[in-house]
Amino acid sequence: MTGLIVERLGAVCLLTIDREEARNALDAATSRALDEAITNAEIDTAVGAIVVTGTGSRAFCAGMDLKEAQRIGAGHGLIPGRGFGGITERRRTKPLVAAINGTAVAGGFEIMMACDMVFAAEHAMMGLSEVKRGLFAFAGGIQRLAAQVPRATALAMIMTGDLLPARRLYDLGILTEVVPGERLLDRTLEVTQAMLANSWEAINNGRELYELSSGMDTTQALAVGNAWGKATLSRPDSREGIAAYVQKRDAQFDRG
C-alpha cells in the first residue's frame, strides 16, 4: 500500500501524500506512485489540472525518506527522466498546483518549486535542508532558486539549510498566496477550478510559452510568441471566446 491518496474533484486530480508519521517524506514506493498518478492525469483528457498536497498540518513533504535511505541507499525516489517524485524534471502538459499545508523541505521544497502555482498555509516553513545531511539539492531546488531568487538570499538558503516562513517566500515571489491553514485546500481548489473555466488550450499554450521564454532573450521570445500566437487565432477556442464576448455570454470551450 503506497502513501498516496488519489481523488478526482471534477476536472481536478488531487494528489495527497499520506505518510504523516514520516512527515510525508517520500519513500521509493510513494515516489513511484506519485509519478504514476501524474502520468495518468496527464493522459486523461477529462483532467485539466493537478493539485498536490500532504496529509495533516505539520508537513507538506520532508523530501527523501532518510530511514529508508539508510537501509537501501539514497536516491530511490528519483524517477529517471522525471526527477524526485516524478515531478522535478518532468515536462508537463497540464498545470500543477501545490497546497503547502506545512513544512516543505529538501525534496519537498524541490517539488514545490517545480509547481506552476503555490498556495501555502501561514504556518508553513520552507527551504533546502540537504546540507545538514551532507547533501545538496541537485534535483531542481538550487537550479530554480538561481532562476527566481536574488543571489544572496538563494545562497544563504542553499548553504545554511535554514528554513524561511511562508510570508518571506511570498515576498520573494515564490508563492502565489499565503492563506490561513484551515482555508488552504479550499482556496487552492477555488482558484484552480476558476482557472479551468478558461480555455485549457490557451492555459497550456501560455504555460509553455512562459517556460520557453525564460531561456530566451526578449527578441527571440517575441518571435516565437508571434509565430505561435498567430497560429492559434483561428482555433475553435479563440473563435468561441471572441463570440461569447460579443454575445455577452459565458464561453463554452472545447474540453476534448
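Preceding block: the structure.
This is a predicted model, so every value here is computed, not measured.

A tally of regular secondary structure across the protein chain gives ten helices and twelve strands. Against the compact-globule benchmark of 18 Å for 256 residues, the protein chain has a radius of gyration of 19 Å, which places it among compact chains. In terms of overall dimensions, the protein chain has a C-alpha envelope of 60 × 40 × 35 Å along the principal axes. Burial status across the protein chain gives 46% buried among its 256 residues. For the protein chain, the proportion of contacts with a sequence separation of at least 24, taken over those separated by at least 6, is 65%. Accessible surface, the protein chain as shown: approximately 13000 Å² in total, 55% of it carbon and sulfur. Averaging the locations of the 27 positively and 30 negatively charged side chains of the protein chain gives two centres separated by 2 Å.

Moving on, we get to the environment of Thr30. With respect to the element layout, Thr30 can be found in helix α1 (residues 28-43). With 136 residues separating them along the chain, Thr30 and Ala166 place their C-alpha atoms 26 Å apart. Not counting the four nearest positions on each side in its chain, Thr30 is found in contact with Thr2, Gly3 and Arg19.

The next subject is the nonpolar core. Grouped together as the largest cluster of nonpolar side chains are 44 residues, with contacts concentrated most on Ile100, Met112, Met126, Leu145 and Leu175. For Leu175, the residues in contact, after removing those within four places along its chain, are Met112, Val118, Ala120, Met126, Ala166, Leu169 and Tyr170. By size, the runner-up hydrophobic cluster in this structure holds 17 residues, among which are Leu14, Ala121, Met195 and Trp200.

We now examine the sheet that holds strand β7 (residues 96-100). Strand order across the open sheet formed by six strands is β1-β2-β3-β7-β9-β12, with mixed pairing between neighbours. Unpaired on one side and paired on the other, β1 (4-9) and β12 (177-179) mark the two borders of the sheet. Ignoring strand direction, the axes of neighbouring strands in this sheet form an average angle of 20°. Where strand β2 (residues 12-17) meets strand β3 (residues 49-54), six bridges bridge the pair, whose relative direction is parallel. Opposite Leu14, over in β3, you have Val51 as the bridge partner.

Pairing within the open sheet is mixed, and its four strands lie in the order β4-β8-β10-β11. Taken across any chain shown, the strands that pair with only one partner, and hence form the sheet edges, are β4 (59-61) and β11 (164-165). In this sheet, strand β8 (residues 103-105) lies alongside β4 in parallel orientation, the contact comprising two bridges. Within β8, the residue paired with Cys61 across the bridge is Ala104. Helix α3 (residues 107-114) contacts β4, β8 and β10 (125-127) of the sheet and is inclined by roughly 95° relative to β8.

Turning our eyes to something else, we now look at the packing of helix α8 (residues 200-213) against helix α9 (residues 218-232). Relative orientation of the contacting elements α8 and α9 amounts to 165°, with a least axis distance of 10 Å. It follows that α8 is roughly antiparallel to α9 by the angle criterion. The interaxial crossing formed by α8 with α9 has right-handed handedness. Counted together, Asn205, Glu208, Leu209, Leu212 and Ser213 of α8 and Ala221, Val224, Gly225, Trp228 and Thr232 of α9 form the full contact between these two elements. Partitioned by chemical class, the residues of the contact of α8 with α9 number five nonpolar, four polar and one charged.

A few words on the pattern of salt bridges. With the rule as written, the count across this model stands at 15 salt bridges. Among the salt bridges present, the one from Arg91 reaches Glu208, with a minimum N-O distance of 2.6 Å. Of this pair, Arg91 sits in the loop between β6 (83-84) and β7 while Glu208 sits in helix α8, placing them 117 residues apart in sequence. Across the pair Arg235 and Glu201 runs a salt bridge, and its minimum N-O distance is 2.7 Å. One end of the pair, Arg235, is in the loop between α9 and α10 (236-246); the other, Glu201, is in helix α8, with 34 residues separating them in the sequence. For Arg235, a relative accessible area of 37% puts it in the partly exposed group. One salt-bridge network, held together by shared partners, links Glu177, Arg183, Arg187 and Glu190.

A separate point is the environment of Ala49. Following the sequence through the fold, Ala49 ends up in strand β3. Measuring from C-alpha to C-alpha, the distance between Ala49 and Met195 comes to 9.1 Å, with 146 residues separating the pair along the chain. Setting aside chain neighbours within four positions, we find Ala49 in contact with Ala11, Val12, Cys13, Pro95, Thr192, Met195 and Leu196.

The rules behind these values
Think of each chain on its own: its residues are numbered from 1, step by step along the sequence as written. Restriction of local features to residues with pLDDT of at least 70 applies here, the model being predicted, together with a cutoff of 80 or more for giving and counting side-chain atom pairs; totals for whole chains, interfaces and linings are based on all residues. With hydrogens and water stripped out, all remaining heavy atoms of the structure feed into the side-chain values. Secondary structure follows DSSP: runs of H or I at least 4 residues long count as helices, runs of E at least 2 residues long count as strands, and numbering of each begins at the N terminus. The size measure is the radius of gyration over C-alpha atoms, and the globule rule it meets is 2.2 Å times the number of residues to the 0.38 power. Relative accessibility decides the category of a residue: with a 1.4 Å probe and only protein chains considered, values under 20% of the type maximum give buried, values over 50% give exposed, and everything between is partly exposed. It only takes one pair of heavy atoms within 4.5 Å for two residues to be counted as in contact. All accessibility values rest on the Shrake-Rupley procedure with a 1.4 Å probe; residue burial counts only the protein chains present in the view. Charged-residue counts in this description rest on Lys and Arg as positive and Asp and Glu as negative, His and the chain ends being excluded. Just so you know, the charge point we use is NZ for Lys, CZ for Arg, CG for Asp and CD for Glu. Throughout this description, the term nonpolar core refers to a set of buried Ala, Val, Leu, Ile, Met, Phe, Trp, Tyr and Cys residues connected via side-chain atoms within 4.5 Å. Should DSSP find at least two bridges between two strands, the strands are regarded as paired. For helices, the fitted line uses only the C-alpha atoms of the stretch in contact; every axis is such a line through C-alpha atoms, and the angle between N-to-C directions lies from 0 to 180 degrees. By the definition adopted for this analysis, an angle is roughly parallel if under 35 degrees, roughly antiparallel if over 145, roughly perpendicular if from 65 to 115, and oblique otherwise. By the definition used in this description, the sense in which the near helix is turned from the far one sets the handedness, with an anticlockwise turn below a right angle giving left-handed and a clockwise turn giving right-handed. The residue classification treats Ala, Val, Leu, Ile, Met, Phe, Trp, Tyr, Cys and Pro as nonpolar and Asp, Glu, Lys and Arg as charged. All others, Gly included, are polar. A pair is scored as a salt bridge if a Lys or Arg side-chain nitrogen falls within 4 Å of a carboxyl oxygen belonging to Asp or Glu.

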